[in-house]
Amino acid sequence: MSQVIIVDGLYLVILVALSIPLGNYLVKVMTGKRAFLSPLMLPLERMIYRLMGIREEDEMSPGHYVLAVMVFSGLGLIFVFGLQMLQASLPFNPENLAAPSWDLAFNTAASFVSNTNWQAYSGESSLSYLTQALALGVWNFLSAATGIAVLFALLRGFIETKKTTIGSFWVDLIRVSLYLLIPLSLVFSLVLVAQGGVQTISPYHEIVALETGITQSIPLGPAASQIAIKQLGTNGGGFFGMNSAFPLENPTALSNFLQLLSILLIPASLCVAFGKAVGDMKQGRAIYLVMLILFVGALAAVTISETIGVPLVPGVLDSGNLEGKEIIHGVGTSALWGTATTAASNGSVNAMHDSFTPLAGLVLMFLMQIGEVVFGGVGSGLYGMIGFVILTVFMAGLMVGRTPEYLGKKVEPFDMKMVCLIVLVPPVFTLLGTALAVLMPQASDWLTNSGPHGFSEILYAFSSMGNNNGSAFGGFAANTVFTNVVGGLIMLIVRFVPLVAVVFLAGNLANKKMVAKTEGTLSTSNALFIGLLIAIVLLIGALSFLPALALGPIADYFTAVI
Amino acid sequence: MENNELNKNILIDAIRQSFTKLSPRVQLKNPVMFVVFVGAIMTTALYLLSFAQINDEGAGYTLAIALILWFTVLFANFAEAIAEGRGRAQADSLRSARKDVKARKLKSSADVAVYTEVPSSSLKKGDIVYVKSGEQIPIDGDVIEGAASVDESAITGESAPVIRESGGDRSAVTGGTTLMSDWLVIQVTAEAGESFLDKMIAMVEGASRKKTPNEVALQILLIALTIIFLVVSATLLPFSYFASKQAGAGTGISITNVIALLVCLAPTTIGALLSAIGIAGMSRLNQANVLAMSGRAIEAAGDVDVLLLDKTGTITLGNRQASVFIPITGVTEKALADAAQLSSLADETAEGRSIVVLAKERFDLRGRDIKALGASFVPFTAKTRMSGIDFQGQQIRKGAAEAVKAFVLANGGDYPEECQEIVKKVANDGGTPLVVARNNQVLGVIYLKDVVKNGVKERFEDLRKMGIKTIMITGDNPMTAAAIAAEAGVDDFLAEATPEAKLALIRDYQAKGHLVAMTGDGTNDAPALAQADVAVAMNTGTQAAKEAGNMVDLDSSPTKLIDIVRIGKQLLMTRGALTTFSVANDVAKYFAIIPVLFFSIYPQLMGLNIMGLTSAKSAILAAIIYNALIIIALIPLALKGVKYQEVAAGKLLQRNLLIYGLGGLVAPFVAIKLLDMLLTVLGLG
């Protein structure tokens, strides 16, 4: 146990230590100031602008920004779908894999464009190297960059006054990719390769098992490069079906720790960037603390439940709940991974969440259901949390006798509409998706468990898709026409409706004047507000999901212990 | 007694209104309550279906749920109706003032004998009418000729008549008021239907009440929450059927229970009280005799963080008082006092009287009868800026330093350097110097002191804690202004204020992100009033000022601004407090309902039944009865507003969170448990 605490503590300390310089660096990059990589990247950046025929100083109106995001993502959707359907007749397909079914291809395309990376397919048996690298690999970068771009558009809404533009999507997208995602991924994939991660375009390896003498096919591919961005961009889609539980995807304890760090690194540094960008580090710190407190609370709950939440068998070593976990990772880092991957909208796994104890599973599910705002997806997590902040400001702000304001901007009806879309859409579609699924007559055939755990499997799947997480509980047969189509649509809706709302919110905020700060202004950075924000996040989540959770993990827990 | 009668009438009227408001068109305006309304209809239908042997739940239980839901809707209607009641009563009395009268319409203001009699409702803007003593002024207008005393009690409730005259800042007259003396020629400024009285009736009645921006934003939030809860409740039907199939036990939950759950979770408390809070806030403003031209203004009042306060009447007592006689060398203080008193004997201004009194107090100099002395009084004029008496060949004068200097020099005397020094010193100390002279000799200076009102310093201190900056506006010179500003503890001052300077000051603060409130009455205040976020025009002021402002103070009291801010803040706080309370309530309702809801599927879930409620039926009934009763219980709070204190935002939040957040968590636990016990005892569980 003490070893687990040391690892967890070390993890948090390193995470915070790294996030501060990275956040500051990112603000420099996004505001066009000279930063560490400028000498190298600036010529490249300028060249791309010239090629695209855009000018750095041409800013977009919210409508224009939304159009750019939607057209860009729409083309991405078609591209990822098309490449899968045509993979059989394209090169770099050593295993001669056929095209997946249309519904699976759609689901995968929707999944990667929406930064969900839900996987109804298994990489090694469905997708060619070309599809993996060119379609999925590229969109790992682009969907992550889109999220961060939109976040910065929102930040401009708070910074600017009386302005009708919120920056350029193309400039944002290119800067995030060039200065942040590509260099970080490059370094990280080299480290992974050094640790034994696989990176090749040669065909799968045939080996003869030593013990059984049976010939086995070991899947290979250009994996390490994709795994780096899978973690850094809170994508989570594994190169291989077993994700980071597979040794070639996550070979050592060190690679495991580094991947864990990279899950939360960018979302955490964005909190720092937020404070720096709005010119008040305390605001960034407050949100960072809210996320950290919720994260540590969840981590403690999962770890404790996994450690002591199993019946003791006399004469057997008390090892905690090891079912579905890799021995190399054990209960401790598997619990840490599970918490991190569901807190951030990452979705990669190094253990099977289906096998977690009911209460640990509940925490993982709940971290997704509160809207992926505890760090959450890169960009999207923070803008989701800002949605909750505005909601909190709205309820609490009135109690100090002023109309609500945040960072000097008054919260008015239009802003409230956008905030409601940001906060409302994910839970509504999670619940509707789950309801549709259980209404399907064949629903129980998709499950490996019955009773409350069976319901948990469905609820988890739709919570994952309905909040762009992408992790799987397991035990739920996801590759069906129903789940592929409905799930694909849900992933697109819950990604892009809030995203569009954020851009319009940004535009509306940027257009407002700044209200002066006085003694009568509600503090949005003190302990009281932090506590209140945590309460509101938990309350909205609990109010939305408690009844469903009661039929799933809570009933699971009570039926197991009693 | 009369008041009781009025309250009784309002109550009876409100009960009647609760039923008439059941019309779907009215219900649709409040989406949260509309959901309850639909729920009531559906459960009633389910009850009726039970006669056809289609049973969703036990018929008696469904009926009980249906009845409670109908009561919830009625309670919400009642809350709104009772809030409107006071305004409606006030509107009725105003309406009686707005009767159609005959007006003498003139061809031109030159000849009042040539007129046609027309009904007041047919008057157009720009028409000229003639009104005589004893008649009612037909419609709003500007006096273009004549002067008269007017009884404006129909609007202000103040029975003392006021003077209205052509030209200057007292030329506006309001339709429905009555001439007490003389006659007026009035040019019509507003047509029937748009007059001040019409606006006033519409405002107090709430007929033209548009939802304020903050109210709209809150409503959006409430609708969003309702949509979530609608989905949460509706999806429980498939979830529970699936779960019961999976568990091989129990049944899915009934439609009746789904509706009950939805009503419990939806923010009905704040949904039901939201419009009552807004109307009550407006009503409190009306009771303070302030008429807001829009609900927006009252919200802005809560946000105001810069108050421009006129010095006179707000910070200082209206009148300056003589406090010291400062003679120049060679003159005794008593001689100065004597001359000063003589010069003021016939001076009826408060300053003049205070000089007489001070002389009496200091040297026991009795006031003398000016006639007995055979003296003649020289009154103050704007030109001479002096007053005094001519007495036994002496000319005694008191007045502004410059004026007296000119007087002395003209009489062949000289104006001593020493006097100049004294004048300067008095001004620096915040006083007003009056120089006294006899013929060509300067005697000394009377120190007129501005008296800062009791308690204003503490008041401004409190406002500062709330983040509200006070700025004193005065025509005084900067030296005098600074001294008074320091004594009164205002944050800043604008000396030698001109309308342009005021306007510039407001713009300056607004550019820095502040919201500014001010009062004004003159036509030259109009631009500043139009610029300010909260602009209170005095009712005694001109038409232009009233039109530029977004509130009218019927009492024309300069201190009103502070009350207006308080009312605005209290309105917003009440809204926030009840929203928080409403949402916090849901936690307890969940703990009451969820365990029992799925009891048949997973009996083990009773482990969550920490409240130990008797049965599913008693728990659900207790929760929705609580849900209905809490609306009634909170009506007084919604009408009165939450307690208001002038403390910093952090403390205010802490206090309100403790009461309404924590209170909102705990109250329903206790109440639902008690109701459940009661239902069990009555055998209804």
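Worth saying up front: this structure is predicted, and the values here are computed from it rather than measured. (Residues numbered from 1 in each chain as written. Chains lettered and ligands numbered in written order. Predicted model: local features only at pLDDT ≥ 70, side-chain atom pairs only at ≥ 80, totals over all residues. Heavy atoms only, no water.)

1. Some remarks on the overall build of chain B
Applicable threshold: To qualify as a helix, a DSSP run of H or I must reach at least 4 residues; to qualify as a strand, a run of E must reach at least 2; elements of each kind are numbered from the N terminus. Here the globule rule reads 2.2 Å times residues to the power 0.38, and the radius of gyration is calculated from C-alpha atoms. For this analysis, residues touch if any pair of their heavy atoms sits within 4.5 Å. When charges are counted, Lys and Arg contribute as positive and Asp and Glu as negative, whereas His and the chain ends are disregarded. Every charge is mapped onto a representative atom, which is NZ of Lys, CZ of Arg, CG of Asp or CD of Glu.
In terms of helices and strands, chain B carries 23 helices and 22 strands. Computed over the C-alpha atoms, the radius of gyration of chain B is 34 Å, more than 25% above the 26 Å expected from 2.2 N^0.38 for a compact globule of 685 residues. Seen along its three principal axes, the alpha-carbon backbone of chain B occupies a region of about 120 × 60 × 50 Å. Across chain B, every contact between residues at least 6 apart in sequence was considered, and the portion connecting residues at least 24 apart equals 69%. Taken together, the 65 basic and 67 acidic charged side chains of chain B have centroids lying 5 Å from each other.

2. Quick notes on the confidence of the model for chain B
So the rule is basically this: Per-residue confidence from the prediction method is given by pLDDT, with values spanning 0 to 100.
For chain B, the average pLDDT comes to 86, and 97% of its residues sit at 70 or higher. Ranking the elements of chain B by mean pLDDT puts helix α5 (residues 153-156) of chain B last with 74 and helix α3 (residues 31-49) of chain B first with 95.

3. What to know about the pairing of strand β15 (residues 394-399) of chain B
Residue and element names in this part refer to chain B. Counted only if it meets this: One bridge is not enough; two strands pair if DSSP finds at least two bridges between them.
Two elements, strand β14 (residues 386-391) and β15, share 6 bridges in a ladder whose sense is antiparallel. Following the sheet pairing, M386 is matched in β15 by G399. In this antiparallel pair of consecutive strands, β14 and β15, the connection spans 2 residues, and Q392 shows a positive phi of 45 degrees. Inspection of the sheet shows β15 paired to strand β16 (residues 432-438) by 4 bridges, in the antiparallel sense. Bridge assignment links G399 to a residue of β16, and that residue is V435.

4. Side note on the sheet that holds strand β3 (residues 128-132) of chain B
Residues and elements named next belong to chain B. The antiparallel open sheet is built from 6 strands, whose spatial order is β2-β1-β3-β9-β4-β7. Pairing within the sheet leaves two strands with one partner each, and these edge strands are β2 (115-119) and β7 (172-173). Across 3 bridges, the pairing between strand β1 (residues 102-106) and β3 is antiparallel. Following the sheet pairing, L106 is matched in β3 by I128.

5. A look at helix α16 (residues 481-510) of chain A
What counts is decided by this rule: The span expected for a helix works out to 1.5 Å for each residue beyond the first. Burial classes follow relative accessibility: with a 1.4 Å probe on protein chains only, a residue under 20% of its type's maximum area counts as buried, one over 50% as exposed, and anything between as partly exposed.
A rise of 1.5 Å per residue sets the reference length of α16 of chain A, with its 30 residues, at 44 Å; its end C-alpha atoms lie 43 Å apart and thus fit the reference within 8%. Of all 30 residues that make up α16 of chain A, 23 are buried, and the element is covered over most of its length.

6. Some thoughts on the interface of chain A and chain B
Rule in force here: Note on terms: buried area is the combined drop in 1.4 Å-probe accessible area of two parts once they are placed together, counting the loss on both. Salt bridges are defined by distance alone: a side-chain nitrogen of Lys or Arg within 4 Å of a carboxyl oxygen of Asp or Glu. What qualifies as a polar contact is a pair of N or O atoms within 3.5 Å, subject to a donor-acceptor requirement within protein and to the restriction that residues adjacent in sequence count only when both atoms come from side chains. Under the convention adopted here, Pro, Cys and the residues Ala, Val, Leu, Ile, Met, Phe, Trp and Tyr are nonpolar, Asp, Glu, Lys and Arg are charged, and Gly plus all remaining residues are polar.
Counting residues at the interface gives 62 residues for chain A and 62 residues for chain B. Regarding the contact of chain A and chain B, the summed buried area is about 5,300 Å², with carbon and sulfur atoms giving 79% of it. Counting the surface chain A buries against chain B, the share from its top three residues, M399, L543 and L551 of chain A, is 15%. On inspection of chain A and its partner chain B, the count reaches 1 salt bridge. On inspection of chain A and its partner chain B, the count reaches 10 residue pairs in polar contact (both at pLDDT 80 or more). Examining the composition of the side of chain A that touches chain B, we find that 16 residues originate from one element, helix α17 (residues 527-561) of chain A, more than from any other. Along the lines of polarity and charge, the residues of the side of chain A that touches chain B split into 43 nonpolar, 13 polar and 6 charged.

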